[in-house]
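Residue-level listing of the chains:
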Amino acid sequence: MDGKTYDSLKIENIVASGVIADEINLAEIAEKIDGCELNTKRFPGAVYRIDEPRMASLIFSSGKVVLTGIRNESALQDGLEIILKSLKEAGVKTLDVPKVAVTNIVCSYDIGKFINLNRVVATLSLEAIEYEPEQFPGLVYRIKDPKIVALLFSSGKIILTGGKNLDDVRRGLDFLEERLETILKEQK
C-alpha cells in the first residue's frame, strides 16, 4: 500500500450488528419512540429510522440489533448513541457496554479504465470467478484473504463487499489491482 491513494474509494454502506440489551419489548418501543415501526406480520423486529446520521436499525426482542445505511464509522457511533438514548428513554434497560461491531462494508471504486471482463475470465483462476453476462453484467471475483467479494464492471467501476474495516477493503483492492495489472496493460 506504499503511499497509495484511494481517491475514488467510497463507502456506500456499513452494516453493524450485535447485542444492546438482554430483552426489548418491541410493542412498547414502537409506541414510545418516534420513527420506530413494528409490523410483526411483515417483519419480526422493529424498524427504527433516524435522519441524522441517516441510518436504519432493526431491533429484535432478543436485544439484538442490526444497523444499516451508515456512510462512515463516526456516523455508526453517533447513530448507536442516539438509538441507545431513545431506548433508555422508552424504558429499555440497555447493556452498559453494547456489543456492536461492523459486519460488512460495501464500497465503490473506479479503476479509471475499461476492463475487458472476458480477458479477466481467461487470465485469472476460474474457481474464484463467476461471470454470466446473460444473467448479470458484472464479473464476481472472490478474494480469499482478505475475504472480499468484488463485482467488476466493464466500465471500470468496482463494488467491494465483505470487509469488516477499510483496511480489509484496501487490501482486497490492492490484491485485485495487482491481478488485473497485466490485463489492463495489454488493453492499451
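Residues numbered from 1 in each chain as written. Predicted model: local features only at pLDDT ≥ 70, side-chain atom pairs only at ≥ 80, totals over all residues. Heavy atoms only, no water.

### A few points about the packing of aromatic side chains
Piece 1. Per the stated rule, a full pass over the model turns up 2 aromatic pairs.
Piece 2. Between Phe-43 and Phe-60, the ring centres sit 5.7 Å apart and the planes meet at 55°, which makes this aromatic pair tilted. Taken together, the residues span a long stretch of sequence, with Phe-43 in the loop between strand 2 (36-38) and strand 3 (46-50) and Phe-60 in the loop between strand 4 (55-59) and strand 5 (64-70) at a distance of 17 residues.
Piece 3. Both rings, one in Phe-136 and one in Phe-153, keep their centres 5.8 Å apart while their planes meet at 70°; by these two values the pair is edge-to-face. With Phe-136 in the loop between strand 7 (129-130) and strand 8 (139-143) and Phe-153 in the loop between strand 9 (148-152) and strand 10 (157-163), this residue pair connects regions lying 17 residues apart in the sequence. (Phe/Tyr/Trp six-rings, centres within 6.5 Å; stacked < 30°, edge-to-face > 60°. Helix = DSSP H or I, 4+ residues; strand = E, 2+ residues; numbered from the N terminus.)

### Re the nonpolar core
Piece 1. If you look at the biggest cluster of nonpolar residues, it comprises 53 residues, and the most contacted ones within it are Ile-29, Ile-59, Leu-67, Tyr-141, Leu-152, Leu-160 and Leu-180.
Piece 2. If sequence neighbours within four positions are ignored, Leu-180 has contacts with Ile-111, Val-120, Leu-124 and Leu-152. (Core = buried A, V, L, I, M, F, W, Y, C linked by side-chain atoms within 4.5 Å. Buried < 20%, exposed > 50% of the residue type's maximum accessible area, 1.4 Å probe, protein only. Contact = heavy atoms within 4.5 Å.)

### Thoughts on the side chain of Asp-168
Piece 1. Note on placement: Asp-168 falls in helix 4 (residues 166-186).
Piece 2. Contacts of Asp-168, omitting those with residues within four sequence positions, involve Pro-146, Ile-148 and Gly-163.

### Thoughts on the pattern of salt bridges
Piece 1. Overall, the coordinates contain 10 salt bridges when judged by the stated rule.
Piece 2. The salt bridge partner of Glu-12 is Lys-10, with a shortest N-O separation of 3.9 Å.
Piece 3. Shared partners join several salt bridges into a network, and the residues in it are Lys-10, Glu-12 and Arg-71. (Salt bridge = Lys/Arg side-chain N within 4 Å of Asp/Glu carboxyl O.)

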